[in-house]
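This is what each chain is made of:
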Protein chains: 2
Amino acid sequence: MTAAERIRVTYLLTCAAGEEPEAKARDIAREQTVELPEGGAPAAVERQIVGTVETVEPIGERWRVSISYDPVLVDGDLPQLLNLLFGNISLKAGIEVADLALPPAILEHFGGPRFGIAGVRAVSGVTERPLVCTAVKPVGLSAQDLAELCYRFARAGIDIVKDDHSVADQRPAPFTERVARCQDAVARANRDTGGRALYFPNVTGPLATLNERIDVAVRAGCRGAMVSPLALGLDAVRLVAEHGLVVFSHPTLTGVFFHEGHGVAPHILLGTLFRLAGSDGVIYTNAGGRFPFPVEHCEAINRRLREPLGQLRPAFPVPGGGVDAARVTQWVDRYGMDTVFLVGSSLYAQPDPEAAARRLVGAVKRHCHE
Amino acid sequence: MTAAERIRVTYLLTCAAGEEPEAKARDIAREQTVELPEGGAPAAVERQIVGTVETVEPIGERWRVSISYDPVLVDGDLPQLLNLLFGNISLKAGIEVADLALPPAILEHFGGPRFGIAGVRAVSGVTERPLVCTAVKPVGLSAQDLAELCYRFARAGIDIVKDDHSVADQRPAPFTERVARCQDAVARANRDTGGRALYFPNVTGPLATLNERIDVAVRAGCRGAMVSPLALGLDAVRLVAEHGLVVFSHPTLTGVFFHEGHGVAPHILLGTLFRLAGSDGVIYTNAGGRFPFPVEHCEAINRRLREPLGQLRPAFPVPGGGVDAARVTQWVDRYGMDTVFLVGSSLYAQPDPEAAARRLVGAVKRHCHE
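Now for a quick tour of the structure. (Residues numbered from 1 in each chain as written. Chains lettered and ligands numbered in written order. Predicted model: local features only at pLDDT ≥ 70, side-chain atom pairs only at ≥ 80, totals over all residues. Heavy atoms only, no water.)

Side note on the relation of the copies chain A and chain B
In step 1: In screw terms, the move from chain A to chain B is a rotation of 180° and a rise of 0.0 Å along the axis, fitting with an RMSD of 0.0 Å. Expressed as a symmetry operation, the mapping of one chain copy onto the other fits a two-fold axis. Measuring from the rotation axis to each C-alpha of chain A, the shortest distance belongs to Gly233 of chain A, at 2.0 Å. (Least-squares fit on C-alpha atoms with pLDDT ≥ 70 in both.)

Here's what the structure looks like:
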């Protein structure tokens, strides 16, 4: 097996006093596979299954370590990939997954986005500019009120109207009623304007009824859905994608992985893994908004979502979490055309959110000479 | 609605320079619900849906804050409970979920363990002492070799033989073949010894085929299974439980939540939430083993798994992760009878793991005067 045929993980290690980087690397290579001390597995398993420490090099006060693994450990099993990457070692200290290279065999198993950037553009009819997305909120409104918001935002020219991620199947707006009303409202706005706005319901909820919720969305005429991979399970993204829906993934709970020195780097989790699972768009908390998320993280996520990755389609970065409508054109310049800008609370803060949405879409169009 | 009817979350806040604890608490109460600035939601939603900051009090250099939420936000939706507890705020800083009180209405929705401590004792026939569990490993062995290990451990008197959590559906030991062979091996050992050893296969794997794997386990005659909730999704525990299997949950990936000052405390995640989802046994990395996990965490998890919690059955703590066979009786004294001791690598380190397992079980029985 050549190096390119193996799974290669780059870890940044912080060594405590007395901890040797080489020994720590070997410990990871065993903990993530055989979970037995050195020499504890039969010789054939020691050779094939235990991770191979490829390189150990100092980088500032940390150590950059590359460990490669036989892809037979994972094949098409996404939970097992998460487990291999950071499962048990999440319970140790000073280990950060900084890079991940997957061999073609693994990439083919997953397949990634069904639509990708080009597919979402085809569905939405927006070819020459970034897309504009907003969230209907807050949780607690009736289905009728949420649908009215959908109608107004779609009429204002928003490309994608999605549920706030806290809007689930609560009694004030039961899922089935909400999806039917919101999708109808967006369709009505499209008839009124000649537009092609889309409504993506949040299908996150009890696992036992996930397929039912997806079916409700498909039957209502929705072309896409939103899911919270870490609340529901990352592999749930694949289930939604397999039903032919565009999938936008939400970053709720992802922050637990983003600790300095221990965790999984944002561009690996939100960039590579969310794309691998099949997300056509990946929402993240943009720099300069409500969340303390450095712009370098955002740009690294953008790169991972769009870069060549086997035969996998590129996915849309969807910066959100407090993006100021007034500054969106600056972000267009920085992040580029292949971006979906999610602007929520900044519109709600205006006296007339529909008018604010119309100004936002107009500004983006003018900025892009559309 | 009385206070006891609301969801009550205790957060420990670390305030950065210039951060006011009251303002930080109010921000959490909104971020986790309406995601709109103060006054941004309609009055009825502001009253009902926004979290209520109940108390803010200094505790050392941190602040203990209690926020209560209307249970309508969650009802029976476990992903939404995770989202409410720590979803978006995982992406902020200095927030630790330290306690969680759930009202009867929420507890009834979930139901918790189907078997619980008494049920697992009934299935295993072990009434008067702690149970002893081991793992078959390493990944990379054939199904036949894994089954042979199962046979030997069951013959030695181990009560529960489970798959190592990295043993999934890999080509060296495909799931269906492995489960059939391992279950047969344990049944054969039971016939030879008159024992009642159990085999719990790891059913973690692709979500789309989870029901198939559960069915394979049930048809093979397994009485329980192991699942990795954070790799697969916490709600998957409920799916396994609904098929009538005893569920043991594995702590892989849980370490991402356990950061000093930011995260979800181990006794809440592994104690309360894993039990709520339906785990009959919760594996954690014991103090003094391969993982740096303080004994205070272990004891807090034990308490949460066993304490009264509405009508929910108590669940077994399953300390593992490098428990030394030679010290198990000391842990029996510390943790008590209602514990399942998971001893894996310490047995494999012996020249004859079967003999080591027999000595371990004998030591536990003698210690408990059985």
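Digging into the packing of helix α3 (residues 78-86) of chain A against helix α11 (residues 266-277) of chain A
All names here are of chain A.
In step 1: Direction vectors running N to C along α3 and α11 enclose 160°, while the axes themselves pass 11 Å from each other. The angle between α3 and α11 falls in the class roughly antiparallel. Relative to α11, α3 is oriented so that their crossing is right-handed. In this structure, α3 contributes Leu78, Leu81, Leu82 and Leu85 to the contact, and α11 contributes Leu273, Leu276 and Ala277.
In step 2: Of the residues belonging to the contact of α3 with α11, the class tally is 7 nonpolar, no polar and no charged. (Axes fitted to C-alpha atoms, helices over the stretch in contact; angles between N-to-C directions. Helix = DSSP H or I, 4+ residues; strand = E, 2+ residues; numbered from the N terminus. Parallel < 35°, antiparallel > 145°, perpendicular 65-115°, else oblique. Left-handed = near helix turned anticlockwise from the far one by under 90°. Contact = heavy atoms within 4.5 Å. Nonpolar A, V, L, I, M, F, W, Y, C, P; charged D, E, K, R; others polar.)

Structural notes on the sheet that holds strand β14 (residues 340-342) of chain B
Residues and elements named next belong to chain B.
In step 1: Reading across from one edge, β7-β6-β5-β14 is the order of the 4 strands in this open sheet, with parallel pairing throughout. The sheet is open, and its two borders are formed by β7 (198-200) and β14, each paired with just one other strand. Direction aside, neighbouring strands of the sheet carry axes that sit 25° apart on average.
In step 2: Strand direction decides the pairing type here: strand β5 (residues 131-136) and strand β6 (residues 160-163), joined by 4 bridges, are parallel. Directly across from Thr134, in β6, lies its bridge partner Val161.
In step 3: Here helix α6 (residues 143-155) sits on the sheet in contact with β5, β6 and β7, set at roughly 160° to β5. (Pairing = 2+ DSSP bridges.)

Considerations on the side chain of Arg129 of chain A
In step 1: Tracing the backbone through its elements, the reader meets Arg129 of chain A in the loop between α5 (116-124) and β5 (131-136).
In step 2: At 2.9 Å, the side chain of Arg129 of chain A and the side chain of Asp159 of chain A are in polar contact. (Polar contact = N/O pair within 3.5 Å; in protein donor to acceptor, adjacent residues only side chain to side chain.)

Things to note about the packing of aromatic side chains
In step 1: Within the structure shown, the criterion is met by 8 aromatic pairs over all chains.
In step 2: Relative to Phe248 of chain A, the ring of Phe200 of chain A lies with its centre 5.1 Å away and its plane at 85°, an arrangement referred to as edge-to-face. Linking Phe200 of chain A in strand β7 (residues 198-200) with Phe248 of chain A in strand β9 (residues 246-249), this pair joins segments that are 48 residues apart in sequence. Take Phe200 of chain A and Phe248 of chain A: they sit in the same class, and that class is buried.
In step 3: Consider the rings of Trp331 of chain B and Tyr335 of chain B, whose centres lie 5.0 Å apart with planes at 35°: the pair is tilted. With a gap of 4 residues between them, Trp331 of chain B and Tyr335 of chain B both fall in helix α13 (residues 328-335), about one helical turn apart. The pair formed by Trp331 of chain B and Tyr335 of chain B is uniform in burial state, with each residue classed as buried.
In step 4: Above the ring of Phe291 of chain B, the side-chain terminus of Lys92 of chain A is found at 5.1 Å from the ring centroid. (Phe/Tyr/Trp six-rings, centres within 6.5 Å; stacked < 30°, edge-to-face > 60°. Buried < 20%, exposed > 50% of the residue type's maximum accessible area, 1.4 Å probe, protein only. Lys NZ or Arg CZ within 6 Å of the ring centre and 35° of its normal.)

Notes on the pattern of salt bridges
In step 1: Tallied over the entire structure, the rule returns 42 salt bridges over all chains.
In step 2: Residue Lys92 of chain B pairs with Asp27 of chain B through a salt bridge whose shortest N-O separation is 2.8 Å. Here the residue Lys92 of chain B occupies a position in the loop between α3 (78-86) and β4 (95-101), and Asp27 of chain B occupies one in helix α1 (residues 21-31), the gap between them amounting to 65 residues.
In step 3: For Lys92 of chain B, a relative accessible area of 14% puts it in the buried group.
In step 4: In this structure Asp27 of chain B comes out as partly exposed when scored by relative accessible area, which is 33%.
In step 5: Note that Glu307 of chain B and Arg304 of chain B form a salt bridge whose closest N and O atoms lie 3.9 Å from each other.
In step 6: A relative accessible area of 28% means that Glu307 of chain B is categorised as partly exposed.
In step 7: One connected set of salt bridges, linked through shared partners, spans Asp27, Glu31, Glu35 and Lys92 of chain A together with Arg290 of chain B. (Salt bridge = Lys/Arg side-chain N within 4 Å of Asp/Glu carboxyl O.)

A short note on the interface of chain A and chain B
In step 1: Contact residues are listed per partner, giving 69 residues for chain A and 69 residues for chain B.
In step 2: Of the roughly 5800 Å² buried at the junction of chain A and chain B (both faces included), carbon and sulfur atoms supply 63%.
In step 3: Three residues, Glu35, Leu91 and Leu207 of chain A, lead the burial of chain A against chain B; their summed loss comes to 12% of the area buried on that side.
In step 4: Linking chain A with chain B are 6 salt bridges.
In step 5: In this structure, Arg290 of chain A and Glu31 of chain B form a salt bridge, with 2.8 Å as the shortest nitrogen-oxygen distance. (Buried area = accessible area lost by both parts, 1.4 Å probe.)

Some points on α13 of chain B
All names here are of chain B.
In step 1: For α13, every residue scored as buried is listed here: Val328, Thr329, Trp331, Val332 and Tyr335. For α13, the angular spread of the buried residues around the axis is 155°, confining them to a single face.
In step 2: Buried residues along α13 sit against β12 (281-285), α12 (295-306), β13 (316-320), β14 and α15 (353-367).
In step 3: Phi turns positive one or two residues past the end of α13, at Gly336, with a value near 95°. (Arc of directions from axis to C-beta.)

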